[in-house]
Amino acid sequence: MTRKEFLAATLSLMVAPPVLGASPKKAKNAPAVPRRKLGRTGQEVSCIGLGGFHIGKQKEESESLALIRGALDQGINFLDNCWDYNDGKSEERMGKALRDGYRAKAFLMTKIDGRDKKTAVKQIDESLQRLQTDHLDLLQLHEVIRDNDPDRAFAEGGAIEAMKDAQKAGKARFLGFTGHKSPDIHLKMLETAKKHGFRFDTVQMPLNVMDAHFNSFEKRVLPVLVKEGIGVLAMKSMGDPFILDSKTVTAPECLRYNLSLPVSVVITGIDSQERLQQALTAARTFKPLNEKEVQALLARTKDAAQDGAYEKYKTSHHFDGTVQNPQWLG
């Protein structure tokens, strides 16, 4: 797809900002966080999402709860999480934050690692218990990073059976998968699904100013998802956070670049009030980058991006939780 086609696809996802009810915790006269269509699901989600990994890192639980509720009060409705984040602490804290009516404000997503049905079922039920909810808005298979992951997931008695059963039972509304290693593996997962007569609602993957230069999800996977109307969940806009270490680009530039792509939501780590305000500002002030601005950003990051040094999730096991903990797979 050309940049012009990307821009047209991005604009087609945007919807009118929601009208938020009066809230003492919402900044007075602050503009709403824009919403975008989530593929063909019929759902609308905030263009910025709160990442689940970072939300379990605060020393005090009360700080985590304040960040989650603050995000929801101020218009971020997409919440990311995973069964394995911080040994379950991320889901436990999010579950507590979603009490007192906050669950109704959230589009809640979590992920599981299990590759066989028995393990996947167990993890789904544990996630629901920690999150204190009877259903997920989105359930995703986590870390599809090995060449054999698609075949394992779709095998008889595999994880996809558990996910489909959860959907039928009302435990999950929509289904997707995530991965950060290789566009080839993402494409294989999509092809394997097609062979089994299955269509994912969402796909989560790394997108950023360096991915465009190296083993690129943007160039190879994003056009396929746009064409098929699958909701795109962007992650690692700052390389978590190694891209910022390159000193070639700023955090606001990273967020604006990702928001300019045809994605439904940009999931970003929010571990402090400062990071929350950074995310809210990026969403509320967003204007798509024009072609000249895109090329300028890509020119600045080209040399640093060449060998994937700042995208360690592609080139090392630094981010591979299921490699370090194979027992999670079942």
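For the structure, see preceding data.
What comes next is a walk through the structure.

## A short note on the overall build of the protein
Scanning the protein from N- to C-terminus turns up 15 helices and 11 strands. In terms of overall dimensions, the protein is globule-like: its C-alpha atoms have a radius of gyration of 18 Å, near the 20 Å expected for 330 residues. Here the C-alpha coordinates of the protein stretch approximately 50 × 45 × 35 Å along the principal axes. Residues classed as buried in the protein amount to 58% of the 330 residues present. Within the protein, residue pairs in contact and separated by at least 24 positions form 79% of the contacts whose partners lie at least 6 positions apart. Summed over all atoms, the accessible surface of the protein reaches about 13,800 Å², with 51% contributed by carbon and sulfur. Computed over 49 positive and 42 negative side-chain charges, the inter-centroid distance for the protein is 4 Å.

## As for unusual backbone geometry
The omega torsion of the bond from aspartate 240 to proline 241 falls at -10°, within 30 degrees of zero and hence cis. Structurally, proline 241 can be placed in the loop between β10 (231-235) and α10 (242-245). Of note, the phi angle at asparagine 86 is positive, near 55°, even though the residue is not glycine. By the element assignment, asparagine 86 lies in the loop between β5 (78-79) and α3 (89-97). For asparagine 86, a relative accessible area of 16% gives the class buried. The backbone of glutamate 143 sits at a positive phi, close to 50°, despite the residue not being glycine.

## Notes on the sheet that holds β5
Overall, parallel pairing links the 8 strands, which are arranged β4-β5-β6-β7-β8-β9-β10-β11 in a closed barrel. As defined by bridge partners, strand β4 (residues 48-50) adjoins strand β11 (residues 265-268) across 3 bridges and the pair is classed as parallel. Bridge assignment links isoleucine 48 to a residue of β11, and that residue is valine 266. The strands that helix α6 (residues 159-168) touches are β6 (107-112), β7 (136-141) and β8 (172-178); relative to β8, the one it contacts most, it runs at about 155°. Helix α11 (residues 251-259) contacts β4, β10 and β11 of the sheet and is inclined by roughly 150° relative to β11.

## Focus: the sheet that holds strand β1 (residues 14-15)
Spatially, the 3 strands line up as an open sheet ordered β1-β2-β3, and their pairing is antiparallel. Edge positions in the sheet fall to β1 and β3 (44-46), since each of these pairs with one other strand and no more.

## Describing the pairing of strand β9 (residues 202-206)
Within β9, 5 of the 5 residues are buried, which leaves it mostly tucked inside the rest of the structure. Of the two faces of β9, both are covered, the one formed by Thr202, Gln204 and Pro206 as well as the one formed by Val203 and Met205. Across 3 bridges, the pairing between β8 and β9 is parallel. Counterpart to phenylalanine 177 in the pairing with β9 is valine 203. Handedness of the crossover is the feature at issue here: the chain leaves β8, passes through helix α7 (residues 183-195), returns alongside β9, and the resulting connection is right-handed. Bridge count between β9 and β10: 5 bridges; the pairing is parallel. Within the sheet, the bridge partner assigned to threonine 202 lies in β10 and is glycine 231.

## Here's the deal with the state of the cysteines
According to the stated counting rule, one finds 0 disulfides in the structure shown. The thiol sulfur of cysteine 47 is not disulfide-bonded, and the nearest other cysteine sulfur, from cysteine 254, lies at 16 Å. You can call cysteine 47 buried: its relative accessible area is 2%.

## Focus: the side chain of threonine 10
Locating threonine 10 in the fold gives a position in helix α1 (residues 3-13). Leave out the neighbours within four places in its chain, and threonine 10 touches Arg36, Leu259, Ser260, Leu261 and Pro262.

## Points about the packing of aromatic side chains
Here the distance between the centres and the angle between the planes together describe a pair of aromatic rings. Enumeration over the complete set of coordinates arrives at 9 aromatic pairs. Relative to phenylalanine 319, the ring of phenylalanine 242 lies with its centre 6.2 Å away and its plane at 85°, an arrangement referred to as edge-to-face. Of this pair, phenylalanine 242 sits in helix α10 while phenylalanine 319 sits in the loop between α14 (312-315) and α15 (321-324), and the two are 77 residues apart along the sequence. Accessibility classification places phenylalanine 242 together with phenylalanine 319 in one group, the buried group. Put simply, the rings of Phe154, Phe177, Phe198 and Phe200 touch in pairs and so form one group of aromatic residues. A cation over an aromatic ring shows up here: lysine 312 above the ring of phenylalanine 242, its NZ or CZ 5.1 Å from the ring centre.

## A short note on the pairing of β6
Across a regular strand the side chains alternate sides, sitting on one face of the sheet and then on the other. Here β6 lies mainly inside the structure; 6 of its 6 residues are buried. Sheet topology places β5 next to β6; 2 bridges connect them, and they run parallel. Considered in β6, the bridge of leucine 79 is made with leucine 108. Crossover β5 to β6 through α3 is right-handed. Relative to β7, β6 is paired through 4 bridges, and the arrangement is parallel. Each residue of the ladder has a partner; that of isoleucine 112, found in β7, is leucine 141. Read as a crossover between parallel neighbours, the route from β6 over helix α4 (residues 117-131) to β7 is right-handed.

Reading the values: the criteria
Residues numbered from 1 in each chain as written. Predicted model: local features only at pLDDT ≥ 70, side-chain atom pairs only at ≥ 80, totals over all residues. Heavy atoms only, no water. Helix = DSSP H or I, 4+ residues; strand = E, 2+ residues; numbered from the N terminus. Rg over C-alpha atoms; globule rule 2.2 N^0.38 Å. Buried < 20%, exposed > 50% of the residue type's maximum accessible area, 1.4 Å probe, protein only. Contact = heavy atoms within 4.5 Å. Areas by Shrake-Rupley, 256 points an atom, 1.4 Å probe, with all protein chains shown as cover. Lys, Arg positive; Asp, Glu negative; His and termini not counted. Charge placed at Lys NZ, Arg CZ, Asp CG, Glu CD. Pairing = 2+ DSSP bridges. Axes fitted to C-alpha atoms, helices over the stretch in contact; angles between N-to-C directions. Right-handed = clockwise from strand over helix to strand, strands pointing away. Disulfide = S-S within 2.5 Å. Phe/Tyr/Trp six-rings, centres within 6.5 Å; stacked < 30°, edge-to-face > 60°. Lys NZ or Arg CZ within 6 Å of the ring centre and 35° of its normal.

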